[in-house]
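Residues per chain, in single letters:
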Amino acid sequence: MDTGLGVVPPIARMKDDLPTKKDLKAVIPKHCFERSNFKSLSLVLRDGLIIGALGTAAWFLPTEGLSPLDWFAWSLYWFFQGTALTGWWVLAHECGHRGFSASNYINDTVGWVLHSFLLVPYFSWQYSHAKHHAKTNHLLDGESHNPPSNTKNRFEKQFNAWLEFMGDDAFAFYQVVAHLVFGWPMYLFMNATGARRTLSGKRITSVHDHFRPGSKLFPEDGRWNWRVAASTGGCLLTLAALYSAGSEIGHVKVSMLYWPAYLWCNAWLVLYTWLQHTAVDLPQFGEDEWTWMRGALCTIDRPYTLFDNIHHHIGSTHVCHHLFSNLPCYHAQEATAALKAYLEPKGLYNFDGRNFVSVMWEVSLKCHYVEGIQGVQFFKHLSLRDIRKRKQDKKCT
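All of these numbers come straight from a predicted model, not from anything done at the bench.

1. Let's talk about the overall build of the protein
A count of helices and strands for the protein gives 16 helices and two strands. Here the C-alpha coordinates of the protein stretch approximately 70 × 55 × 45 Å along the principal axes. Across the 397 residues of the protein, 51% fall into the buried class. Within the protein, contacts between residues at least 6 apart in sequence are counted, and of these 72% link residues at least 24 apart.

2. Brief notes about the packing of helix 7 (residues 154-166) against helix 8 (residues 168-190)
Contact geometry for helix 7 and helix 8: axes closest at 6 Å, N-to-C directions at 120°. Taken together, the axes of helix 7 and helix 8 are oblique relative to one another. The element helix 7 and its partner helix 8 pack so that their crossing is right-handed. When helix 7 is examined against helix 8, the residues Phe159, Trp162, Leu163 and Met166 are found in contact with a partner set consisting of Asp168, Ala170, Phe171 and Tyr174. Looking at side-chain class alone, the contact of helix 7 with helix 8 contains seven nonpolar, no polar and one charged residues.

3. Brief notes about the layout of surface pockets
Of the pockets and cavities examined, the second largest pocket occupies roughly 290 Å³. If you trace the second largest pocket, you find 21 residues lining it, with Asp281, Leu282, Ile300, Asn350 and Phe351 closest to the centre. The set of elements that each furnish at least two residues to the lining of the second largest pocket consists of helix 1 (10-13) and helix 15 (356-366). When residues of the lining of the second largest pocket are assigned to their parent elements, the largest contribution, three residues, is made by helix 15. For the lining of the second largest pocket, the class distribution of residues is 13 nonpolar, three polar and five charged.

4. A short note on helix 7
For helix 7, with 13 residues, the first-to-last C-alpha span of 19 Å sits near the 18 Å given by 1.5 Å per residue. The largest bend in helix 7 is about 40°, located at Asn160. For helix 7, every residue scored as buried is listed here: Phe155, Glu156, Phe159, Asn160 and Leu163. Taken from the residues just after helix 7, Gly167 is the one with a positive phi, measuring 90°.

5. Focus: the nonpolar core
Within soluble globular proteins, side chains that are nonpolar generally end up buried alongside one another. In terms of nonpolar packing, the biggest core is built from 57 residues, with Trp88, Trp89, Leu180, Trp184, Leu271, Leu275 and Tyr304 touching the most fellow members. Looking at this core, the elements that each hand over two or more residues are helix 3 (37-59), helix 4 (68-96), helix 5 (104-117), helix 6 (122-134), helix 8, helix 9 (225-249), helix 10 (251-276) and helix 15. The leading source of residues in this core is helix 10, at 13 residues. Look past the residues within four positions of Leu271 in its chain and what remains in contact with it is Leu180, Tyr304, Phe356 and Met360. Core analysis: the second largest hydrophobic core is formed by 29 residues, Leu24, Phe285, Trp290 and Leu327 among them.

6. Some remarks on the confidence of the model for the protein
Considering every residue of the protein, the mean pLDDT works out to 94; 98% of them sit at 70 or more. Low pLDDT, under 50, characterises residues 1-6; the stretch is placed with 15 contacts to residues that sit more than four places away or in other chains.

7. Some remarks on the pattern of salt bridges
Evaluation of the coordinates by the stated rule reveals twelve salt bridges. The salt bridge involving Asp47 is made with Arg46; its shortest N-O contact spans 2.9 Å. The buried category is assigned to Asp47, whose relative accessible area is 2%. Overall, Arg46 belongs to the partly exposed group, its relative accessible area being 25%. Of the charged contacts in the structure, one is a salt bridge between Asp141 and Arg197, with a shortest N-O distance of 2.7 Å.

8. Topic: a positive patch on the surface
Residues Lys152, Arg154, Lys157 and Arg203 make up a contiguous surface patch of positive charge. Within the secondary structure, Arg154 sits in helix 7.

9. Observations regarding the environment of Val228
Looking at where Val228 falls in the secondary structure, it is placed in helix 9. Along the primary structure Val228 and Tyr122 are separated by 106 residues, whereas in three dimensions their C-alpha atoms are 8.2 Å apart.

10. Details of the side chain of Thr238
By secondary structure assignment, the location of Thr238 is in helix 9. Residue classification places Thr238 among the buried residues on the basis of a relative accessible area of 10%. Setting aside chain neighbours within four positions, we find Thr238 in contact with Ser116, Phe117, Leu119 and Tyr258.

The rules we used
- Residues numbered from 1 in each chain as written.
- Predicted model: local features only at pLDDT ≥ 70, side-chain atom pairs only at ≥ 80, totals over all residues.
- Heavy atoms only, no water.
- Helix = DSSP H or I, 4+ residues; strand = E, 2+ residues; numbered from the N terminus.
- Buried < 20%, exposed > 50% of the residue type's maximum accessible area, 1.4 Å probe, protein only.
- Contact = heavy atoms within 4.5 Å.
- Axes fitted to C-alpha atoms, helices over the stretch in contact; angles between N-to-C directions.
- Parallel < 35°, antiparallel > 145°, perpendicular 65-115°, else oblique.
- Left-handed = near helix turned anticlockwise from the far one by under 90°.
- Nonpolar A, V, L, I, M, F, W, Y, C, P; charged D, E, K, R; others polar.
- 1 Å grid on protein atoms, 1.4 Å probe; cavity = no way out; pocket = protein on both sides within 12 Å on 5 of 7 lines; lining within 4 Å.
- Points joined across faces, edges and corners; volume = space filled by probe spheres on them.
- Expected span 1.5 Å × (residues − 1).
- Bend = angle between axes of the 7 residues up to and from the residue.
- Core = buried A, V, L, I, M, F, W, Y, C linked by side-chain atoms within 4.5 Å.
- pLDDT = per-residue confidence, 0-100.
- Salt bridge = Lys/Arg side-chain N within 4 Å of Asp/Glu carboxyl O.
- Patch = residues over 30% accessible without salt bridge, like charges linked within 9 Å, V, L, I, M, F, W, Y side chains within 5 Å.
- Areas by Shrake-Rupley, 256 points an atom, 1.4 Å probe, with all protein chains shown as cover.
- Lys, Arg positive; Asp, Glu negative; His and termini not counted.
- Charge placed at Lys NZ, Arg CZ, Asp CG, Glu CD.

Structure, rendered in structure tokens:
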């Protein structure tokens, strides 16, 4: 149970003496579980007005013969539009959890439209994301950001040469780019960082993508086939619409308006999932140690300054979200305060108040792999100093 810090968090020692979900629900005011179509749809409208205003402003930016000032203006647009689109992304995610409305028709209609616009296969990801919640921090069945294992020194053999060539900081930068730029498409197309075994407990031998109804990611009985097809169809409709718009007003203009902002949105959603479930002192569990409550409590709330409100507090109320995923976002702060008052005295509430950018850098430097997939595991990291020391030790023996 060595965290590398000399400190073992209570959750790593406690397994059977944790509070129950019923205990935790009892401390949250009942009205926090009430969903309002008006409030939820007003948030969609709010974000839509921001997205529309930013798009309108960018419409007048030049797309040819760009000056340094023009590139700066476009860069500002891409970041802020991607940030605003993440608001829609979070609301669609809430639809998938049934926290948006008491009506599943409204949930699925709004969620499918918003996620399709952002090229997210709504129902397909709803399925894999439900598994992420059902198996949080489970080293065999966990979905998304399931850490690589160094069993038989596999991770070291794969990346030692890279780190020796690049150095610690460059390798950390590679981790950031790999996660924020490539992580999301690799997860959708290859289930990268997903579960280590199939639903039936067998070794994964095929590509588990989110787009084919026949993908082994989904139940073999076919009951999800039409939903997967509808999800892929929504993404194809968006691509067709982008192509059609480009044919009318110019593909360069449409690309400048959409794709870089889309990449920023992807970066935000990966950043949230990465940082809410990764830290040097946050345990991961093998099958012999994992329980649902243990996994759910191994989630971290972090402050995201002004972005927190834009993103409906998904980063600062993530502990509550993993315990009660159908609780609407506009009640999550109140519910989090109640949970914190109950859990913090027991040492079971995880909060890190540091700037999220510095935390991201720390995670990219110090959270690379776990030693194995049994028991209680903590993140380890490769370092140039350790590699050189081991080489020196070998020469001396």
